[in-house]
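Summary of the model geometry
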Amino acid sequence: MSSKRASDERDNTDKKKKKKKSSCEVKAELCAGVGDEQVKRTVQEAWSRGTPCSQGDLELHCHPFPHCIIKNFLSSKTFVENLQSELLELNFHEKSNDLYKFKQSDDLRKREEPHIAGLRAALFGHFRSWLGEVFGVKLEPTVDISCAKYEYTDVLLCHDDELEGRRIAFILYLVPPWQSSDGGTLDLYTTDSNFQPQSIVKSLVPSWNTLVLFEVSPVSFHQVSEVLSQDKCRLSLSGWFHGPCLERPTRYREPPIQRNPHLPRDETVLLEWVNPVYLDISQQERIQEEFEDNSEIQLKDFLREEKFIEVKEALRLAAIQWGKKSPPNKRCYEVASLDSLPECVSGCWELLHSEAFFLLLSNFTGLRLHYLCPADDEDEDEKKKTEEAEGEAATSSIESSATTSGEKELSTPVCCGEVRRWSHGSYTLLHDGEAASAEYALDLVLPFGCTEWQSEFGGFTSYVANEEDEELLTVYPEDNSLALVYRDKETLKFVKHVNHKSCSVGSSTCKGLYDFSFVYYE
């Protein structure tokens, strides 16, 4: 009896809690246009035909890819203000990698704040049905939703949002009065015949209580431009409605970068350019020991001081032709035309490309970048094992192995390189093509013009483990400091976005920095 009464009391208490919980939810009323059947039919027809239309607060645009803007999305001003207050009380986590830097809340699907719950019910229910009918796609109950805060220098770089299941992206802005000069715009890109992003052709300025929608597709490249305002917060709710994925064309593969063997330059070039400290054999042995332990090293004051100053000034003052490196979903920086380099810069380029320098790198790293580099013990052991295996194999196998071995012995160390300029807005991103073609290589970076550069400006190189968030190494730009990093097939790299803080270096204008970037292959 007592047990049953206690159980009944618990049941009644649970029911009261459930009623109390449901009564906490404040209903979100959407704008009249979403509930108007005539508006829905008009937008539905325009969407299917790929033509723009405008119906009150609702606008459908087709260029550069279809997107929809709904102003005054929530009809109650009080509801929107209370929603904003609830969102600002959430815990936000700093998010930063190659692609973005901003603060984000946890997933909001289970939050119980009354206005957040009310908006979620409206989005997941009536509005999802409306969207499915307008866009002509069966949307699943699964909806991702979170809140993001973008503040000074925060950014989300060029991407297409494509991930399995995502069908329609949405962003609801809850911002103070905002101008394009504040940054934080939603920038839309055109694409070329290879479905690669080209240039920004439209920028949507965030506006209070405005919802933006677009279909996630192979051409839906966009970015959130860097926030330039130091006193405004770009608050937004965003996520994706899920449904059947669109057919994806074969991903474009960029042509490989040309690699070249060394230039025929003897040790004279080293004597002319390199700090004598690094030409000492005992010093080279010490460097090799450290490099073999850590797979990376930075050699400070690497060039002779007079040579370094000459190249630095020429990079800043000479009439070098700079061209933009793209596409923006992979990289955005400037590279010098080799034909336009002044004599001293060209001389530094030849140094890093010379036979003498290949041999010097071999001495620094122990890598086989020159035929004079002695084979290490592991190579000798491997060679003995190969010879023993060949001796036991059939004649045809011997010939095949000999051919393979001969090809290996004849392989020539090669390199590729660029003279790069980094300024506000420059970056490189990790991408699928880079991961697929990753291989063993030695990276070299020699920076110029970064005396006043600070890590908070960006522009540093991060090495990460493939398909993991683990950061293995960060190399910060430092004048006349030669950075050498050996990476394997599971290691990728990116250069962090150079933000607006870099514009305060030295003067009111953005100066940026320069570097020589080479990759060497055994």
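See the structure shown above.
Figured I'd write up the structure that's included with this text. (Residues numbered from 1 in each chain as written. Predicted model: local features only at pLDDT ≥ 70, side-chain atom pairs only at ≥ 80, totals over all residues. Heavy atoms only, no water.)

Some details on the pattern of salt bridges
Put simply, the rule reads: Definition used for salt bridges: Asp or Glu carboxyl oxygen within 4 Å of a side-chain nitrogen of Lys or Arg. Every helix listed is a DSSP run of H or I at least four residues long, and every strand listed is a run of E at least two residues long, numbered separately from the N terminus.
Overall, the coordinates contain 29 salt bridges when judged by the stated rule. Between Asp 443 and Lys 493 there is a salt bridge; the shortest N-O distance is 3.3 Å. Linking Asp 443 in strand β19 (residues 441-448) with Lys 493 in strand β23 (residues 491-495), this pair joins segments that are 50 residues apart in sequence. A single network of salt bridges, built from pairs that share partners, joins Glu 37, Lys 40 and Glu 133.

Notes on the nonpolar core
Here is the rule we go by: By nonpolar core is meant a set of buried Ala, Val, Leu, Ile, Met, Phe, Trp, Tyr and Cys residues that side-chain atoms within 4.5 Å join together. Exposure categories follow from relative accessible area, calculated using a 1.4 Å probe and restricted to protein chains: below 20% of the type maximum is buried, above 50% is exposed, and the middle band is partly exposed.
Within the largest apolar cluster, 47 residues are counted, with the highest numbers of intra-cluster contacts made by Ile 70, Phe 73, Leu 74, Leu 83, Leu 87 and Phe 127. The dominant element in this core, judged by the number of residues it contributes, is helix α5 (residues 114-135), at 10 residues. By size, the runner-up hydrophobic cluster in this structure holds 45 residues, among which are Val 274, Ile 320, Leu 351 and Phe 358.

So, the sheet that holds strand β20 (residues 461-465)
Rules: By the convention used here, strands pair only if DSSP detects at least 2 bridges between them. Between N-to-C directions, angles span 0 to 180 degrees; the directions come from axes that are lines fitted to C-alpha atoms, helices contributing only their stretch in contact.
With antiparallel pairing, the three strands of this open sheet are ordered in space as β21-β20-β23. Looking at the sheet topology across the chains shown, the edges are occupied by β21 (471-475) and β23. The average angle at which neighbouring strand axes cross in this sheet is 20°, direction not considered. As judged from the four bridges shared by β20 and β21, these two strands associate in the antiparallel manner. Residue pairing for β21: Val 464 is matched across the bridge by Glu 471.

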